Amino acid sequence: MKAKYSLTLVLGLLATFAIASFPGFFDTNAQTTESGDSPSVCTAYTENFDTSPPPTWIINNRSNPVGTTTWFLPTGTVFPAQAGAANSFVGANFNSTTGAGTISNWLILPEQALKNGDTFKFWSRSPTGNIYPDRVQVRMSTSGASVDVGTSETSVGVFTTLLLDTDPTYSGTHPDVWTEFTVTITGAPAEVQGRLAFRYFVENGGPIGD
């Protein structure tokens, strides 16, 4: 039987919500499994974000202009986490930039083995009744431990493989209730070492953006 791994995490996200006192969040409760094997799964990594994004995760805010916040631990008062303690998730919001800027706020997972056909499952939501489109990308790098995302709000560095874009046309499709997403890993040349990354990406976002 091939080696298997699962990944469990909890994230949270809100984008251009107009009231600065409301934090916003993107929650993830994720699991990765290898294709073509029995359904049993061995746990490889678990992160509940009970205190803060852990040091093995990389935060890189490439928003332009850079705002006053990056990924942060919420209070759980806008809505509770999908599971666990009310504030057991990590968030990013419109304050990732200022004015009406472009948000490009990265949360990069630890290096791990990646293989085509593996699945990555996570939960995500915006606040209930959110009228401002939110957008989260899942991107993959097959460049080992590298965390290079480039130097601008539009660059992606070594994270060239787009696995998911929750609302590329800003039509309001990012859910406002906890919703599970499943991403199938594709584009890996073989089983390689690399990283997955969440990118909170909103053009014309920020406190006065659309």
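All residue numbers refer to positions counted from 1 along the written sequence of the respective chain. Where local features are concerned, this predicted model is filtered to residues with pLDDT of at least 70; where side-chain atom pairs are given and counted, the filter is 80 or more; whole-chain, interface and lining totals use all residues. Heavy atoms from the whole structure form the basis of all side-chain values; hydrogens and water molecules are not counted.

## Some remarks on the overall build of the protein chain
Link 1 in the chain: To qualify as a helix, a DSSP run of H or I must reach at least 4 residues; to qualify as a strand, a run of E must reach at least 2; elements of each kind are numbered from the N terminus. Secondary structure summary: the protein chain contains 0 helices and 12 strands in total.
Link 2 in the chain: Reading the protein chain from its N end, one meets helices and strands in the order β-β-β-β-β-β-β-β-β-β-β-β.
Link 3 in the chain: Categorising residues by exposure relies on relative accessible area from a 1.4 Å probe, with only protein chains included: less than 20% of the type maximum marks a residue as buried, more than 50% marks it as exposed, and the intermediate range marks it as partly exposed. By residue count, 53% of the 210 residues in the protein chain fall in the buried class.
Link 4 in the chain: We get accessible surface area from the Shrake-Rupley algorithm with a probe of 1.4 Å; when it comes to residues, only the shown protein chains can shield them. Here the protein chain displays about 8400 Å² of accessible surface, and carbon together with sulfur accounts for 54% of that area.

## Things to note about the packing of aromatic side chains
Link 1 in the chain: Put simply, two rings from Phe, Tyr or Trp (the six-membered ring, in Trp's case) pair if the centres are within 6.5 Å, and we call them stacked under 30 degrees between planes, edge-to-face over 60, tilted for the rest. Counting across every chain of the model gives 8 aromatic pairs.
Link 2 in the chain: Relative to W178, the ring of F79 has its centre 5.4 Å away and its plane inclined at 90°; by these criteria the two rings are edge-to-face. Note that F79 is positioned in the loop between strand 5 (64-66) and strand 6 (97-108) and W178 in the loop between strand 10 (161-165) and strand 11 (179-184), a separation of 99 residues in sequence.
Link 3 in the chain: Using a relative accessible area of 3% as the deciding quantity, one classes F79 as buried.
Link 4 in the chain: Residue W178 is classed as buried on the basis of its relative accessible area of 17%.
Link 5 in the chain: Each residue in the set F120, F122, F181 and F198 is aromatic and connected to the rest through ring pairs, giving one cluster.
Link 6 in the chain: Placement of a positive charge over a ring is assigned whenever Lys NZ or Arg CZ falls within 6 Å of the ring centre and within 35 degrees of the normal to the ring plane. In this structure, R125 packs its charged tip against the face of F79, placed 3.9 Å from the ring centre.
Link 7 in the chain: Against the face of W178 rests R125, its NZ or CZ located 5.5 Å from the ring centre.

## Some details on the pairing of strand 9 (residues 136-141)
Link 1 in the chain: The buried fraction of strand 9 is high, at 6 of 6 residues.
Link 2 in the chain: Burial of strand 9 is two-sided: the residues V136, V138 and M140 facing one way and the residues Q137, R139 and S141 facing the other way are all buried.
Link 3 in the chain: Should DSSP find at least two bridges between two strands, the strands are taken to pair. Alignment of strand 9 against strand 12 (residues 192-202), held across 6 bridges, turns out to be antiparallel. From the neighbouring strand, S141 faces strand 12, where its bridge partner is R195.
Link 4 in the chain: As paired strands, strand 9 and strand 10 are joined by 4 bridges and run antiparallel to one another. Looking across to strand 10, one finds that M140 is bridged to T161.

## Focus: the pattern of salt bridges
Side-chain pairs of opposite charge can arise whenever the charged atoms involved come near each other.
Link 1 in the chain: We define a salt bridge as a contact between a side-chain nitrogen of Lys or Arg and a carboxyl oxygen of Asp or Glu at a distance within 4 Å. For the structure on display, the rule yields 2 salt bridges.
Link 2 in the chain: With a closest N to O distance of 2.8 Å, D165 and R135 form a salt bridge. Linking D165 in strand 10 with R135 in the loop between strand 8 (119-124) and strand 9, this pair joins segments that are 30 residues apart in sequence.

## Considering the confidence of the model for the protein chain
Link 1 in the chain: Per-residue confidence from the predictor is reported as pLDDT, which spans 0 to 100. Here the protein chain averages 79 in pLDDT, while 77% of its residues score no lower than 70.
Link 2 in the chain: Per-element confidence in the protein chain is highest for strand 5, whose mean pLDDT is 98, and lowest for strand 1 (residues 6-9), whose mean pLDDT is 34.
Link 3 in the chain: Residue contacts are defined here by distance: any two heavy atoms, one from each residue, within 4.5 Å place the two residues in contact. Scored below 50 in pLDDT, residues 1-43 makes 193 contacts in the model with residues more than four places away or belonging to other chains.

## Here we look at the nonpolar core
Link 1 in the chain: Definition used in this section: a nonpolar core is a set of buried Ala, Val, Leu, Ile, Met, Phe, Trp, Tyr and Cys residues joined via side-chain atoms within 4.5 Å. Ranked by internal contacts, the top residues of the largest apolar core, which has 25 residues, are F122 and F198.
Link 2 in the chain: Contributions of two or more residues to this core are made by strand 6, strand 8, strand 9, strand 10, strand 11 and strand 12.
Link 3 in the chain: When residues of this core are assigned to their parent elements, the largest contribution, 5 residues, is made by strand 12.
Link 4 in the chain: Core analysis: the second largest hydrophobic core is formed by 6 residues, W106, I108, V149 and V156 among them.

## Concerning the environment of T69
Link 1 in the chain: Along the chain, T69 turns up in the loop between strand 5 and strand 6.
Link 2 in the chain: As a C-alpha pair, T69 and A92 span 23 residues in sequence and 7.6 Å in three-dimensional space.
Link 3 in the chain: Setting aside residues up to four positions removed in sequence, T69 forms contacts with N61, N93, N95, S96 and N105.
Link 4 in the chain: One polar contact links T69 to N93, side chain to side chain, over a distance of 3.3 Å. Two N or O atoms form a polar contact when they lie within 3.5 Å of each other; inside protein one atom must be a possible hydrogen donor and the other a possible acceptor, and for residues adjacent in sequence the pair counts only when both atoms belong to side chains.

## A word on unusual backbone geometry
Link 1 in the chain: The omega torsion of the bond from N64 to P65 falls at -5°, within 30 degrees of zero and hence cis.
Link 2 in the chain: With respect to the helices and strands, P65 occurs in strand 5.
Link 3 in the chain: Even without being glycine, Y170 reaches a positive phi, approximately 55°.
Link 4 in the chain: Topologically, Y170 is positioned in the loop between strand 10 and strand 11.
Link 5 in the chain: A positive phi is found at N204, a non-glycine position, where the angle reads about 55°.

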